[in-house]
Every structure is written in C-alpha cells, then in structure tokens.
Amino acid sequence: MDIKSPFSSPASGRSIPVTTSPAGATLIDIDHVDFYYGASQALHDISLKIEEKKVTAFIGPSGCGKSTLLRCLNRMNDLIDGTRVAKGQIKIRGIDIYDPSVDVIELRKRVGMVFQKSNPFPKSIYENITYGLRLQGRSNKSDLDAVVEKSLRGAALWDEVKDRLHTSGLGLSGGQQQRLCIARAIAVEPEVILMDEPCSALDPIATVKVEELIQELRTKFTIVIVTHNMQQAARCSDKTAFFYMGKLIEFADTRAIFMNPANAQTEAYVSGRFG
Amino acid sequence: METPRPTSHSDFLVNKKRIRVLGLSLDDAIKIFFGGNAVLSVIVLALITYFLFQEGFGFFGQNHRNLLTYRQAGLEYVDFIRTQESGHIALTRYLSDLRLRQYNEYVATQKMLPSAANDALAKFDEFAVQYGDAVESIRGMVSDLTEQATAIKTKFLIAEDKKIERQQLLAAGKIEAAAAVKIETVDFAAELHVLKGILPLYKETNADFAKKLDAALMAAPKFTTPELSARFDRFKELTRDYLATFPSTTSSLETWDYTRPVPWYQAISAFLFGREWLTASFWQDWYGIVPLLMGSIMVSLVALVIAVPLGVGAAIYINQIASAREQRIVKPSIEFISAFPSVVLGFFGIAVLGQSLRWLSQQAWLAWVPGFPFSERLNILTAGCLLALIAVPTIFTLAEDALQNVPKAFKEASFALGATRLQTIIKIVVPASLSGIISAVLLGLGRVIGETMVVLLCAGNRIAIPDFTAGLAVVTQPVHTMTGIIAQEMGEVVRGSIHYRALFVVGIVLFFLSLGINFIAQKIVRKYRISIG
Ligand SMILES: Nc1ncnc2c1ncn2[C@@H]1O[C@H](COP(=O)(O)OP(=O)(O)O)[C@@H](O)[C@H]1O
Ligand SMILES: [Mg+2]
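About the cut-offs
Residues numbered from 1 in each chain as written. Chains lettered and ligands numbered in written order. Predicted model: local features only at pLDDT ≥ 70, side-chain atom pairs only at ≥ 80, totals over all residues. Heavy atoms only, no water. Helix = DSSP H or I, 4+ residues; strand = E, 2+ residues; numbered from the N terminus. Rg over C-alpha atoms; globule rule 2.2 N^0.38 Å. Buried < 20%, exposed > 50% of the residue type's maximum accessible area, 1.4 Å probe, protein only. Contact = heavy atoms within 4.5 Å. pLDDT = per-residue confidence, 0-100. Pairing = 2+ DSSP bridges. Axes fitted to C-alpha atoms, helices over the stretch in contact; angles between N-to-C directions. Buried area = accessible area lost by both parts, 1.4 Å probe. Salt bridge = Lys/Arg side-chain N within 4 Å of Asp/Glu carboxyl O. Polar contact = N/O pair within 3.5 Å; in protein donor to acceptor, adjacent residues only side chain to side chain. Left-handed = near helix turned anticlockwise from the far one by under 90°. Nonpolar A, V, L, I, M, F, W, Y, C, P; charged D, E, K, R; others polar. Core = buried A, V, L, I, M, F, W, Y, C linked by side-chain atoms within 4.5 Å. Near = heavy atom within 4 Å. Disulfide = S-S within 2.5 Å. Domains from an automatic or database assignment.

Student: Would you mind showing me how to read the overall build of chain B here?
Tutor: A count of helical and extended segments in chain B gives 21 helices and four strands. The C-alpha radius of gyration of chain B comes to 33 Å, more than 25% above the 24 Å expected for a compact globule of 533 residues. Classification of the 533 residues of chain B by burial places 41% in the buried group. Within chain B, contacts between residues at least 6 apart in sequence are counted, and of these 77% link residues at least 24 apart.

Student: Looking at this model, I keep getting lost on the confidence of the model for chain A. Mind explaining?
Tutor: A low pLDDT score tells you not to read the predicted coordinates there in detail. Taken over all residues, the pLDDT of chain A has a mean of 87, while the share at 70 or more is 91%. Contacts for the low-pLDDT stretch residues 1-15 of chain A, under 50 throughout, to residues beyond four places or in other chains number 35 contacts.

Student: Which parts of the structure should I look at to understand the sheet that holds strand S10 (residues 247-253) of chain A?
Tutor: Hydrogen bonding along the main chain pairs the strands of a sheet, whether they run parallel or antiparallel. Residues and elements named next belong to chain A. If you walk across this open sheet you meet the six strands as S6-S7-S8-S3-S9-S10, and the pairing is mixed. Taken across any chain shown, the strands that pair with only one partner, and hence form the sheet edges, are strand S6 (111-114) and S10. Averaged over neighbouring strand pairs, the angle between their axes works out to 15° when direction is ignored. As paired elements, strand S9 (residues 239-244) and S10 share six bridges and run antiparallel to each other.

Student: So what exactly am I meant to see when it comes to the interface of chain B and chain A here?
Tutor: One frequent convention defines the size of an interface as the accessible area lost when the parts assemble. In this complex, chain B contributes 17 residues to the contact, which on the side of chain A involves 21 residues. Considering only the side of chain B, the residues that lose the most area to chain A are B:Glu412, B:Ala416 and B:Leu417, jointly responsible for 35% of the buried surface there. Run the count over chain B and chain A and you get one salt bridge. Residues B:Glu412 and A:Arg71 are paired through a salt bridge, measuring 3.0 Å at the closest nitrogen-oxygen approach. The tally of links between chain B and chain A comes to four residue pairs in polar contact (both at pLDDT 80 or more). Residue assignment for the side of chain B that touches chain A shows that the elements contributing at least two residues are helix H16 (408-416) and helix H17 (421-432) of chain B. The greatest single-element share of the side of chain B that touches chain A, amounting to seven residues, is contributed by H16(B).

Student: Which parts of the structure should I look at to understand the packing of helix H12 (residues 290-321) of chain B against helix H15 (residues 380-404) of chain B?
Tutor: If you want to describe how two helices pack, look at the angle between their axes and the distance between the axes. Residues and elements named next belong to chain B. Running from amino to carboxyl end, H12 crosses H15 at an angle of 35°, the nearest separation of the two axes being 6 Å. The handedness of the crossing between H12 and H15 comes out as right-handed. Of the residues that constitute the contact of H12 with H15, the class distribution is 26 nonpolar, five polar and one charged.

Student: Looking at this structure, how should I read the confidence of the model for chain B?
Tutor: Residue and element names in this part refer to chain B. Residues of chain B with pLDDT of at least 70 account for 95%, and the chain-wide mean is 86. Ranking the elements of chain B by mean pLDDT puts strand S1 (residues 20-21) last, at 71, and H12 first, at 94. Both scores are available for the predicted complex, with the pTM at 0.80 and the ipTM at 0.88.

Student: Honestly, the nonpolar core in this entry has me stumped. Any pointers?
Tutor: Taken as a class, soluble globular proteins show a tendency for nonpolar side chains to be buried jointly. A:Ile30, A:Leu48, A:Phe58 and A:Leu152 are the most contacted members of the largest nonpolar core, which totals 143 residues. Considering every element that reaches this core, the biggest residue donor is H15(B), with 13 residues. If near-sequence neighbours (up to four positions away) are discounted, A:Leu152 is found in contact with A:Ile125, A:Ile129, A:Leu157, A:Trp158, A:Val161, A:Leu165, A:Leu180 and A:Ala183. Counting residues in each nonpolar core, the second largest holds 48 residues, with B:Leu98, B:Ile138, B:Leu217 and B:Leu243 among its members.

Student: Any chance you could explain the site of ligand 1 here in plain terms?
Tutor: Residue and element names in this part refer to chain A. Close to ligand 1 lie Tyr-37, Ala-42, Ser-62, Gly-63, Cys-64, Gly-65, Lys-66, Ser-67, Thr-68 and Ile-80, which account for all nearby residues. A distance of 3.3 Å separates an oxygen atom of ligand 1 from a polar backbone atom of Cys-64. In this structure, an oxygen atom belonging to ligand 1 sits 3.1 Å away from a main-chain N or O atom of Gly-65. The biggest single contributor to the shell around ligand 1 is helix H1 (residues 66-73), with three residues. Partitioning the shell around ligand 1 into residue classes produces four nonpolar, five polar and one charged.

Student: I tried to follow the state of the cysteines on my own but got confused; where do I start?
Tutor: Cysteine pairs can be linked by a disulfide, which is a covalent bond between their two sulfur atoms. All names here are of chain A. Considering all chains together, one arrives at zero disulfides over all chains under this definition. Free cysteine Cys-64: the closest other cysteine sulfur is in Cys-72, separated by 13 Å. Look at Cys-64 and you get buried, because its relative accessible area is 2%. Its sulfur unpaired, Cys-236 is 7.3 Å from the next cysteine sulfur, which belongs to Cys-199.

Student: Would you mind going over the domain arrangement of chain B with me for this structure?
Tutor: Domain parsing of chain B yields domain 1 (73-264) and domain 2 (291-527). Put simply, the middle of domain 1 of chain B and the middle of domain 2 of chain B, counted by C-alpha atoms, are 42 Å apart.

Structure (structure tokens):
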C-alpha cells in the first residue's frame, strides 16, 4: 500500500517520517498530558506509548477519561468548545499533533475512528464507504468500486451486503452497521483506528464478529480500543492501560494486567470487585 | 400509584382524600376541560368549513344564470363583433409604435428636426388615418348593438327582481300587493329578432371594412431601415391574419342561437379558467380566478426566491457555524420579525420600500436589470420583498429545527473521516435535513400565500394576468391577489349576490391551496422522521 507522508501540513511541510517500522515500535507517544473540559480537568499527567500494529486496550470505570484520551489522539475534542491540552504532548511518529502547523484534517485521515454507537450516514452502503475517498477528491468509478469491495471484505461484511450496496446503510442490523462503520474507517487507509466501545451496543453474536474482525485488522493497523468489557480486553488486546479518575494507573502487557497486576486498584478492577 | 400495597392492617390508608365538585374529581375536571377545548376547536373548524362551502357553492348556480343571461340577452352576439373591433385596436396600437420608432430613427439617427421628421412621416400618417378610420362603421354598429343588448338585459333583470319581490310579498301574506306587482315577461325571440336583423347590414359593412384595409395596405408607406420595414411586413402579416378571421366571425353570428343551453360545467370552468375578473360592469360581469391566482402565485414566488436563500442560509449559519453568542443575538432577532403586524409592514412597503425600489430602478447604472426602470411603485416585486420578510422567520425557525435534528453522530463521523466543516455541512447535514428544510419552505409558502394585508397594500391591485412575455420584468407589474380581492371587495358586496359568493369561492380555493401545501409539508416531515430514525 502506498502510504503518503502523513501529518504533513502545507504551511510547514512537516511530515511524520514513514518507516515500515517493525510491529512493536512506538507509534504514538503520549507524554505527560493534562486535559481540561473548560475548568474541569479530565486527564492528569497521562504518559503512555502506543505500539505499531498492536491492539492497545483502555479499560477503567466509566467517567475515568478513556474516551477523552482516545479523542485526543485524533483531536476530535477540538469540536467541543473550551477543551484544551494544558500540558504535555501527543506525538505520532515524533510529530506533536497539537502543534499549530499540523493539519487536523490530514491527521484525521491518518487516524480513523469508530464510535460507540454505530453511526452510518443516511446514505447507501456504497456512499458510506466512498465518503472519505470522495472528500479527498477521488471519483474514479472502478477505483471506488475496488475500495468498496476491499473495505467491506476487510470488515467481514462483503458477503452479507454485496447484493445491496446501493440500499441505505441504516437498513442494516446493529452489528452490520458497526462493521460498516469500520469498513468506512478503513476505506481511507488510516494507520491508526480508534474504537470507542465498539461493541457496547451489540448483541453477543455481533460482538464476537467484531472481535474476530479486530484480530484480522491488527495485522494492518494500529488499533486503540476502549472497552468496558474485561473479557474483551483480555481476548483482543496486546497491551492494556487501566485508568482511574483521569489518571493512568497501570499500563502493561495485557497478560500481565490480568494475570499479575502490579497495582492493587488494577487488581480489584480486573477481578470485578469494583467498576 | 393508587393500588394499595398489600398490608396486614386493614385500616392502613393509602387513598388520598379527593375533592369532588358536582361529583367530579379534579382529574375528571382537568380531562373535561382539555377534552372540551379539543372538541370545541374541531367543531369550530368544521363550522368554518361548512360556512365557506354553504356560502360559496351557490355561486355556481348564479354564475350559470349569469352566463345564460349573457347569451339570452344577446350580449354574446354583440361581443363577437366587439372582439373583431378590439382586434383592430390592437393593430392600430402596433402602428403607433411603429410610427414612434420611425420618428426616433429620423430624429436620433438622421438628426432631423422634429418638425422635419413629422413632415417626413406625413405619408405614413395618411396611411395610419386611412387604416384607423376603416373600422368606424363597425364601431358605430357595436355601440348601437351594445345599447340594444343592454336594454334587453336590463328589462330581463328588472323582471327577475319583480319576481323576487312578488315572492317575498306572497311569503309575507300580502296577496293583493303581490298581485299588483307587474311583471313584464321578456320575449327574447322578439327582442333578439331586432338585434339579429343587423346581420345583412353587418355583412355589407364588414366587406367594406375588409376592402378598406386591403386598400390601405396597397398604399403602404416606405421605411428607412430594414428593421422597420421588417416590422411593417410583420404588421401586414398580422393584418392579413386578422382579415382571415372575418369569415369565422360572420359564421359565428349566423349560427348563433340564443336558445342553445349553457352546459352546467361552464359555470365552473368559466370560474377556474376565466381570464377576467370584472365586476359591477355595465355590460357583463366575469368571475375568472386566473388573474388573481396568477397574482398570488407570482407574489409568493418572488417572496420565496428571496426568503429561501435568506432563511435557509441563516439557519445553516446559526445552527452550524455561529458561536453561542451569535446564536443568542441572531436567533431572537430573526424570530422578532414575525412580531411586526403585517399592516405595519404594508405601510413600510408603500412609504419606504416601493419608493426606494422605484428610485433604484431609475438609476442609470442599473438600467441593465430586466424591468428597470419601472414607474409603478407598488408591484409584484415590492409585495414579494415584504412577504419574504414574513416568510423568513417561519423558514428560518423550521429549517433550524430540522438541522438541529440531524444526529450529532453523523457530523462526528464525517469529521473523523477528515471532512472540513463546509464539507460536512454540504454533504451530510443539509442532505440529512433536506426534507425538513423543504417542508419549512412549504410552510413558509403557506404563510405567504395566505397573507393579506401586505399584498392588499403593496401589490398594486391591478386585476390582470401578468404579461409573461416581458420575461423577468414581469415582476415589476402590479397585480391583484386572491386574499387581496376578498379583503377589498367583501365589504362592498351585497350579501348573497353572485359577487359575494364568487369571493367565497375564491376563499375556498385559497383554503384548499393552503391545505394542500400543509398536507405535502406534513407528508415530507413524516417521511424525514422515519428516514433519520
Ligand atoms: N463534553 C464534555 N464536557 C465536559 N465534561 C466532559 C465531556 N465529556 C466528558 N466529560 C467528563 O470528562 C470525564 C471523562 O469522561 P469520558 O472520557 O467520557 O469517560 P469514559 O469514556 O472513561 O467513560 C468525565 O468526568 C466526564 O464527565
Ligand atoms: Mg466513554
């Protein structure tokens, strides 16, 4: 796949060096980040390194700041008035994404997102998937057709919808809609996919399908997934970060977090004693 | 909440004490109050509808009689010849226009003095006089016949009035007085015999008329430019076409028969497709809704052309782009516009808007705008601009609602895929709320088409179908509207007269128009609710 220089901004021409670094190299470096919604601080001094082509899970009780941190990674929080990263840096391949010279539009093309509640556009399946490409000015029909098929196959949805690509995306079942959203995200070939509790609104069978999908996607993408579900984190992820009250309590290999947590709070949480 | 909890104590009271008035609890009273209001409004609505129809439907019978009288009293017969005469008038108007052009040519291009130009036109004038005078004998005939037919009609109408008088007396039990009322029955056959006796004379006069026109054309003047010559050729062609209609006029006169019945549907079609609304005329009243309908439509159209971009644009800006502070200021301001009484807007339209639009139209640097300059201060454009002001708050508020209803998740998804704000608005937000926006526009249209005061004051109130050959300049013409005519004429008409009832039917048409618009808007809104989920 042809990876254009990401995070480049026309103003400065700065771009994140593209290296086909081996799985496990640091892709996103979150460095002592404080984050505020207006006057209320939601993240306290978070530092963690997200590795390339791995699945990193964020766990923790509700309201502990998992979504907030996730949305910092593609600057979705910019859309909310009064938010700011007050301290620290988030670097992707060494580039500070909050630097004024960074083009946020470009950033979001490289860092895709799947939301908690599936949100296909009220358009056809085909148009949903090609939306991001059309934004980039790509309109060649056979080109788009190819991407649609590839993305839907990538999201394990092709066989189910190939005969009704031009019907509304809202006509799919909940699980299918969520996979459509994943297909839509991967269609623009991002490097990172952020998933905010992608299965919380799905039934168990649809959940299994999405989890299987995540296992397939990990070979191509770096995935950060927020989840409420301990088993899911244990099954899907390589690394797990446990948050509590806006602080990162523990970050380690998933196996270590679940088998042998270093912190008593982590231990209490993963064993289901609170949260 | 009133189910008592199971309890071992039988004296455990959970029922609260209820106040009862006339055997009704408070709950019942509330239910009756609100239910009663609902029922009352339904009843009132039904009564209004019933009243509209009851007053209106008599119109068609009366209109049928109106048309029948038109035929029986021979007015129709006379109008055949009158139409011929007015055809000639149109041609002479064309001729005057031609003279003016030639005159301007002489003065402006050839730099002749006005007197010299007039001298040069002497031959043309001779021709024009000859051409114009040819119709004199026909014109004389028409005015004689008009008198005769009017006399027959008056006689007939008096007789009808007497009949009613007698019936009223009989109903009041005054039999003697009733017998004393003399009713002169009109013998149409005899009366019309005189009228129709004119036919041989007409044929003779007409042949003479045709000959004179032919002769005039032979002695046609010359023109100095090919353009004018072409125009004159066109004129000759028109005259020839005109002459070609003579035989059909004659045959209409020959075959005309006052006893031929007027089909019932003509009472309706003459209303729905009638191109003239002419009342209190000494000759014949016509109740054709087309000019009024056209007036209403044109004014509303202009209003929408202005109000839709403004209202929808403002809604998009306020909902999607503006800061919270701007929202706090702009939203109430736009909604405040609807607080103006429409009569105040009407004053504003007459005193300020119409005046300034006319002033603007007379500026030399704006002469390229179609229809500029115009002299009528009150016209479609003036009324349309003001109606736009009335429609903007409706469209803005409803469109803003529709935009507000677009789930935030769509926008987030779009941003997350790397869309800019503008792309998100154009590709996601507006399409997702499109049906809501369309219905906002339709409801704005409903608001505008029913508006009365502004159009009455500012549309110019000329009852005529706008001349669409003027192209875009059509908007500078004055019109009259359905609402305007009702407001203007309802106060002056005799209750129960055909004119009175005609106004009611106009009201019914308006009612159905609004109903239709609202219905479609509702349909669209419902569909949109389903599609967004
Ligand atoms: N838009 C917002 N405005 C203000 N505070 C917010 C907003 N979103 C989240 N928060 C607050 O930030 C904290 C972290 O929230 P969030 O990141 O959504 O938690 P999680 O995803 O872990 O459940 C919570 O205390 C929440 O109330
Ligand atoms: Mg969350």
